[in-house]
Structure formats: C-alpha cells, structure tokens
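The primary structure of each chain is shown beneath.
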Amino acid sequence: MDANSIISSLTGKFPEDIYDASVESDIRIVAKVKPENVVEVCRYLKEDLSFGHLCCELGADYPDRNEIETVYIIGSYDHPVVITMKALLPRDNPEIESIVAVYWNANWYERETYEMYGVKYLNHPDLKPLLLPEELHGEWPWRKDYKGFPNKTARNLV
Amino acid sequence: MDEIEQTNVEQNDVLNVGYTDVPGTMLTESNAICDFIKKTKIQDVLNWGRKNSLWFTVNAMGCCGVELLATGMAHYDTDRFGIIPRNSPRHADVLIISGYVTRKYLPALKRIWDQMPAPKWCICFGDCAISGGPFYESYSTRQNIEDYFPVDVYVPGCPPRCEALIQAFVELQKKIEAKKDKGTEY
Ligand code: SF4
C-alpha cells in the first residue's frame, strides 16, 4: 500500500477521529487524531494495516496555542511508509489513554513524556518517573514556561 | 523494644566481644595517640606510603570517564606511580568525579564516598564536575560539587587529557607530602 491508500483506509474507518491527514512525501504521512480514540486507531493500524513498529512517542509543548501535543511515530515492516500521528491536549489538564495495551514499548516513552511534560496517561500499567529524581517530580521541566533552572554561578570560579 | 533498638543492642554486643579477652591489649577511646603521631616524623613516613599508593575508583560518570578509563590502561601505565584502578570503592583511596553529577546520581556518589575507607581524597575531573560545564544551569545537574566532597585537585578541560589526570595525581602527591591535603586533619 502506498501513502494515499493508507490515508484513505484510515479516514474511511475513522471519519470522525482522523483529521488534517496529508502526505508529506512518498514515505511519510502526517495526521491528527482525536485523543479519545487513539487506542482504537492504533489497534487498527497495528492489526489491519500491519503498522507493527512504534518508533517513538513524544510530547511537544505549544504555550501560545495552549496545547500539548503527543506525537506517535509508527513504522511498518510491510509498507514503505512512516505515520506521524499527533493528538492535541489542553495544556492545563493533559490526559490521554495509554497505548501500552497495543504497543508494549510505549511504556517508557509514556513515562518519560509524563515526567517531562506532565501528560497523564490513563490506564498506564506503571506511571512513575523514569529518569528524574523524586524532587523534580511535578516540575515538568520540558514545558516551555519552566523557570526552575538554578540561576547562580559556580562559586569556585568567580 | 522495637526492631531498630533490638538491632542496635545486638550490634553493640557483637562490637564489644573479642577486644577485652585478648591478653595484653589496651583499649582507648581518645584520639590522643593518633593526634600525637600526626606531630611526629612518623606521619611523614605514613604520608610517603600513602602518596605512593593512590588507588582510584573506576567510576566513569560522563564522557570524561572515557579518559579516566584510558588513564588506567596500559598505554599510560599509571601503575608505575602506584596509581592503580580499583573496581570496588572499598579498595580505593581516590574518588575521581569524572563528569556531570545529576541530581539523581548525587546520593549514589555520596554513598560511594562513604564506602571508601579513610584516608581518602577527591579529584574533580572535567568542567562538568567543577562548575557544570556544558550542562551549567541544567535542571537536572548539580553545580558546586565542593559543597559535598572535600576536593583536593581540580582538572579543567572538556575532557582533560589523560596526561592532565596524571598531573593531577602528581599534584595530589605533592599536597600529601606537604601535609596540605584535605584527606587528613593535621
Ligand atoms: S567536562 Fe566535557 S567531556 Fe567531561 S563530562 Fe562534561 S561534557 Fe563530557
């Protein structure tokens, strides 16, 4: 299947949930997905369209739009296409269903996105900080408005 | 009696057994002998021994750690100065902070320091360990390492060369010889 037929298959199956879908190049598709149904879309991608490889899952902060995006980059072993799916979440209460049930390797990606951006993944098996120490939990250091950098010079140099 | 008290009592029992029944031994609880030795020539001899056997922990933390590893290898052959890499902090005398100290790693590093038997020394190796380096003002690294460890020698560079580390050991040896190091209270 090439990029256009994958888009038409997706939008045919989920006319409500997939929007702004477009072909970026021969091998890349971008689409936006409604946060409520991300698990069903992922399941369809994996089981029917054989997109079995979640390459990456990440967050991105857009303070001016007051939104946090979670981005899913999903590859396939059968089609020469990579899908980039974005779900837009409100910045004050970002919550989205976890896709660990579909792609097991989303586990640590979601934990990282949780500790850095504060995106809450519902029904995640073990949502706790991955890399940060306890004391930084709740600071969400990768949000653009994070001000917690220690603003002092090293004393032994000056 | 709760569990912790129980453990303490048992530990004290264990500690007190064995010393009094060795014939000819005398026990003291003061530092008087130690303090007296520090004022005599014996301390010079002790320091001579210490400065020539500076074993360091192989504790590669950042990219500087690669230089630290290379220093211990055959090419630079630090063994000829008595500087031997050790894999256990319990065998080591020198802690080399070789890289960025993240907030999450600092407790572990403190623990390594506590596990090392005195007398022990600390070397800050690389810009990260001195001031934060490229990660200065990062949310997850700690600056001002000398607040946590008594640092004797700083080695600037990003990363410093292996020769710089050997130089640092030589400086440390000079400090120990001159009784100016922070490993012992003179
Ligand atoms: S000082 Fe430079 S080489 Fe050393 S740990 Fe820091 S960034 Fe890496």
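Residues numbered from 1 in each chain as written. Chains lettered and ligands numbered in written order. Predicted model: local features only at pLDDT ≥ 70, side-chain atom pairs only at ≥ 80, totals over all residues. Heavy atoms only, no water.

## As for the overall build of chain A
Along its length, chain A carries 3 helices and 7 strands. The order of helices and strands in chain A, counted from the N terminus, is α-β-β-α-β-β-β-β-α-β. Along the longest, intermediate and shortest principal axes, the C-alpha atoms of chain A span 60 × 30 × 30 Å. Burial analysis of chain A (158 residues in total) assigns 47% to the buried set. Relative to all contacts within chain A whose residues are 6 or more apart in sequence, the contacts with residues 24 or more apart total 54%. Element-wise, carbon and sulfur atoms account for 50% of the exposed surface of chain A, whose accessible area totals about 8,300 Å². Looking at charge distribution, chain A has the averaged site of its 17 positive side-chain charges lying 6 Å from that of its 27 negative ones. (Helix = DSSP H or I, 4+ residues; strand = E, 2+ residues; numbered from the N terminus. Buried < 20%, exposed > 50% of the residue type's maximum accessible area, 1.4 Å probe, protein only. Contact = heavy atoms within 4.5 Å. Areas by Shrake-Rupley, 256 points an atom, 1.4 Å probe, with all protein chains shown as cover. Lys, Arg positive; Asp, Glu negative; His and termini not counted. Charge placed at Lys NZ, Arg CZ, Asp CG, Glu CD.)

## What about the UniProt feature "domain: NADH:ubiquinone oxidoreductase-like 20kDa subunit" (unreviewed entry) in chain B?
Mapped onto this numbering, the UniProt entry gives "domain: NADH:ubiquinone oxidoreductase-like 20kDa subunit" (unreviewed entry) at residues 63-172 of chain B. Segment residues 63-172 of chain B splits into 32% helix and 13% strand. End C-alpha atoms: 23 Å apart. (UniProt positions renumbered as here; feature names shortened; annotations may be inferred.)

## Section: the pattern of salt bridges
Residues and elements named next belong to chain A. For the structure on display, the rule yields 13 salt bridges over all chains. Here R91 ties to D145 by a salt bridge, and the two come within 3.2 Å at their closest N and O atoms. Linking R91 in the loop between β5 (82-90) and β6 (95-97) with D145 in the segment after β7 (120-122), this pair joins segments that are 54 residues apart in sequence. Overall, R91 belongs to the buried group, its relative accessible area being 10%. (Salt bridge = Lys/Arg side-chain N within 4 Å of Asp/Glu carboxyl O.)

## Here we look at the sheet that holds strand β2 (residues 28-33) of chain A
Residues and elements named next belong to chain A. Spatial strand order, β1-β2-β5-β4-β3: 5 strands in an open sheet with mixed pairing. Two strands lie at the open edges of the sheet, namely β1 (18-25) and β3 (53-62), each paired on one side alone. Neighbour-to-neighbour, the strand axes of this sheet turn through a mean angle of 20°, independent of strand direction. As paired strands, β2 and β5 are joined by 5 bridges and run parallel to one another. Within β5, the residue paired with A31 across the bridge is M85. On the sheet, helix α2 (residues 38-47) packs against β1, β2, β4 (67-75) and β5 and is oriented at approximately 175° with respect to β5. Packing of helix α3 (residues 106-117) onto the sheet brings it into contact with β3 and β4, and relative to β3 it is tilted by some 10°. (Pairing = 2+ DSSP bridges. Axes fitted to C-alpha atoms, helices over the stretch in contact; angles between N-to-C directions.)

## Quick word on the packing of aromatic side chains
Aromatic ring pairs are reported here in terms of the distance separating the ring centres and the angle at which the planes meet. Enumeration according to the criterion identifies 7 aromatic pairs over all chains in this entry. Between B:F56 and B:F169, the ring centres sit 5.7 Å apart and the planes meet at 40°, which makes this aromatic pair tilted. Here B:F56 is found in strand β1 (residues 56-57), whereas its partner B:F169 is found in helix α7 (residues 162-177), with 113 residues between them in sequence. According to the relative accessible area criterion, B:F56 is buried, its value standing at 1%. One residue, A:K144, lies across the ring of A:Y62, its end atom 5.8 Å from the ring centre. Over the ring of B:W113 we find B:K120; its NZ or CZ atom is 4.8 Å from the centre of that ring. (Phe/Tyr/Trp six-rings, centres within 6.5 Å; stacked < 30°, edge-to-face > 60°. Lys NZ or Arg CZ within 6 Å of the ring centre and 35° of its normal.)

## Details of the nonpolar core
Residues and elements named next belong to chain A. Among the nonpolar cores identified, the biggest contains 40 residues, and L45 and M85 are the most heavily contacted of them. Residue assignment for this core shows that the elements contributing at least two residues are α1 (3-13), β2, α2, β4, β5 and α3. In terms of residues, this core owes the most to one element, α2, which gives 6 residues. Excluding residues within four positions of it along the chain, M85 makes contact with I18, A31, V33, V41, C42, L45, T70, V71, Y72 and I74. (Core = buried A, V, L, I, M, F, W, Y, C linked by side-chain atoms within 4.5 Å.)

## Overview of the environment of A:Y103
All names here are of chain A. Turning to its location among the elements, Y103 is positioned in the loop between β6 and α3. With relative accessibility at 2%, the residue Y103 sits in the buried group. Residues Y103 and C42, 61 residues apart in the sequence, show an inter-C-alpha distance of 8.3 Å. Sequence-distant contacts of Y103, that is, excluding residues within four places in its chain, are made with C42, L45, K46, F51, G52, H53, L54 and I74. A polar atom in the side chain of Y103 sits 2.7 Å from the backbone oxygen of F51. (Polar contact = N/O pair within 3.5 Å; in protein donor to acceptor, adjacent residues only side chain to side chain.)

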